[in-house]
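Examining the three-dimensional arrangement
Here are the chains, one letter per residue:
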Amino acid sequence: MLGKLFKYDLKEMGTYYIPLYIIYAGIAAAFSILMAIALHSDLLADNTLFSLIFGIISIAFVLAIASLLILSGLIVIYYFYRKFVSQEAYLTMTLPVRPWQHIVSKLLSGAVWQLLSWLVFIISLLCALFASGGINTLFGNSMFWGQLGLLWTELCNEIGLHIGSAALFIIYIVLSLLTSPLVYFASISIGQMSNKNKVLWSVISFVGINIVISLFTAGSSVQLSVDNLTQFLMISMVQLIVTSAVFFAITLYSLSKRLNLE
């Protein structure tokens, strides 16, 4: 049943993400085309209308870049809110699915769409660089890459970066992507227990949870330095797993025992 629920959530979230990607891709494509025209002609200096349009599209592209990943995360949060706090909660709870399956499905589907958001983000930047000639300049500069290689080697030696720590870092990033919505799920789950002002109480819960997290992490990492990257990553991963488990437990308990459908 988890597989069917995952496919359903993935499709439902897609109704938000796909229009977002289409708008973003359109802005990125327009910016890339105008950038290429501006670099290979004198329109930017000679044509006022072209300069105005190029300025508007450039601002829109910068705003789109800044907002894409933020909106991507907000969609996951809103989707969870819609399924368990709005009137749609009645329909959600009639499904023959256990609460933990709901949580896992939302996390997995959200992680897939956020990963796609990162891919769209990177591809759009590469297209803009290609249109501006930045790709040729970047990859054709052997001195730049040589200096970058030396800097990277010195950095790896300084912080103790090796294959093991690199693998830990990748695992940490994947876990962070997968579990990052849990703090919001827990906050919403606590806030929905109130009969009134559920959004307000969710926000208050979120602030309170982050204060507790700050106290917890500050006490465990105050003596940590960057001299040993592997140690830093291991401690960070333990903190992530512990806090994620707590958030998952809070969300599961709230949905199982304290779900308020009023």
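Here we summarise the structure given alongside this text. Since the model is a prediction, treat every value here as computed from it, not as a measurement. (Residues numbered from 1 in each chain as written. Predicted model: local features only at pLDDT ≥ 70, side-chain atom pairs only at ≥ 80, totals over all residues. Heavy atoms only, no water.)

On to a nonpolar patch on the surface, then. A contiguous nonpolar patch, built from Val-112, Leu-115, Leu-116, Leu-119 and Ile-123 and spanning about 400 Å² of accessible area, is present on the exposed surface. Summarising the element assignment, Leu-115 is placed in helix α5 (residues 99-132). By relative accessible area, Leu-115 is classed as partly exposed at 45%. (Patch = residues over 30% accessible without salt bridge, like charges linked within 9 Å, V, L, I, M, F, W, Y side chains within 5 Å. Areas by Shrake-Rupley, 256 points an atom, 1.4 Å probe, with all protein chains shown as cover. Salt bridge = Lys/Arg side-chain N within 4 Å of Asp/Glu carboxyl O. Helix = DSSP H or I, 4+ residues; strand = E, 2+ residues; numbered from the N terminus. Buried < 20%, exposed > 50% of the residue type's maximum accessible area, 1.4 Å probe, protein only.)

As a further point, take the packing of aromatic side chains. Taken as a whole and judged by the stated rule, the model has ten aromatic pairs. On the basis of an interplanar angle of 5° and a centroid distance of 5.2 Å, the ring pair of Tyr-17 and Trp-113 is categorised as stacked. Taken together, the residues Tyr-17 in helix α1 (residues 2-39) and Trp-113 in helix α5 connect sequence positions 96 residues apart. When its relative accessible area of 0% is taken as the criterion, Tyr-17 is described as buried. Owing to a relative accessible area of 10%, Trp-113 belongs among the buried residues under this scheme. Taken together, the ring pairs connect Tyr-17, Tyr-21 and Trp-113 into an aromatic cluster. (Phe/Tyr/Trp six-rings, centres within 6.5 Å; stacked < 30°, edge-to-face > 60°.)

For the rest of this paragraph, the subject is the packing of α1 against helix α3 (residues 48-84). In contact at an axis separation of 9 Å, α1 and α3 are set at 165° when each is read in the N-to-C sense. Judged by the inter-axis angle, α1 sits roughly antiparallel to α3. Note that α1 runs across α3; the crossing there is left-handed. By residue class, the composition of the contact of α1 with α3 is 29 nonpolar, two polar and four charged. (Axes fitted to C-alpha atoms, helices over the stretch in contact; angles between N-to-C directions. Parallel < 35°, antiparallel > 145°, perpendicular 65-115°, else oblique. Left-handed = near helix turned anticlockwise from the far one by under 90°. Nonpolar A, V, L, I, M, F, W, Y, C, P; charged D, E, K, R; others polar.)

Now for the nonpolar core. Among the nonpolar cores identified, the biggest contains 26 residues, and Tyr-17 and Phe-185 are the most heavily contacted of them. Broken down by secondary-structure element, the contributors of at least two residues to this core are α1, α3, α5, α9 (182-191) and α11 (229-257). Tallying contributions element by element places α3 first for this core, with eight residues. What Phe-185 contacts, discounting residues up to four positions off in sequence, is Val-76, Phe-80, Ile-103, Lys-106, Leu-107 and Thr-251. Core analysis: the second largest hydrophobic core is formed by nine residues, Ala-28, Met-35, Phe-50 and Phe-61 among them. (Core = buried A, V, L, I, M, F, W, Y, C linked by side-chain atoms within 4.5 Å. Contact = heavy atoms within 4.5 Å.)

Where α3 meets α9, the closest approach of the two axes is 10 Å, and the angle between their N-to-C directions is 30°. Looking at the two axes, α3 sits roughly parallel to α9. Judged by the twist between their axes, the crossing of α3 over α9 is right-handed. Each of Val-76, Ile-77, Phe-80 and Tyr-81 in α3 lies in contact with α9, whose residues at this interface are Tyr-184, Phe-185, Ile-188 and Ser-189. Broken down by class, the residue content of the contact of α3 with α9 amounts to seven nonpolar, one polar and no charged.

In this section: α3. Its 37 residues give α3 an end-to-end C-alpha distance of 52 Å, which sits within 8% of 54 Å, the value for a rise of 1.5 Å per residue. At Ser-67, α3 shows its largest bend, some 35°. (Expected span 1.5 Å × (residues − 1). Bend = angle between axes of the 7 residues up to and from the residue.)

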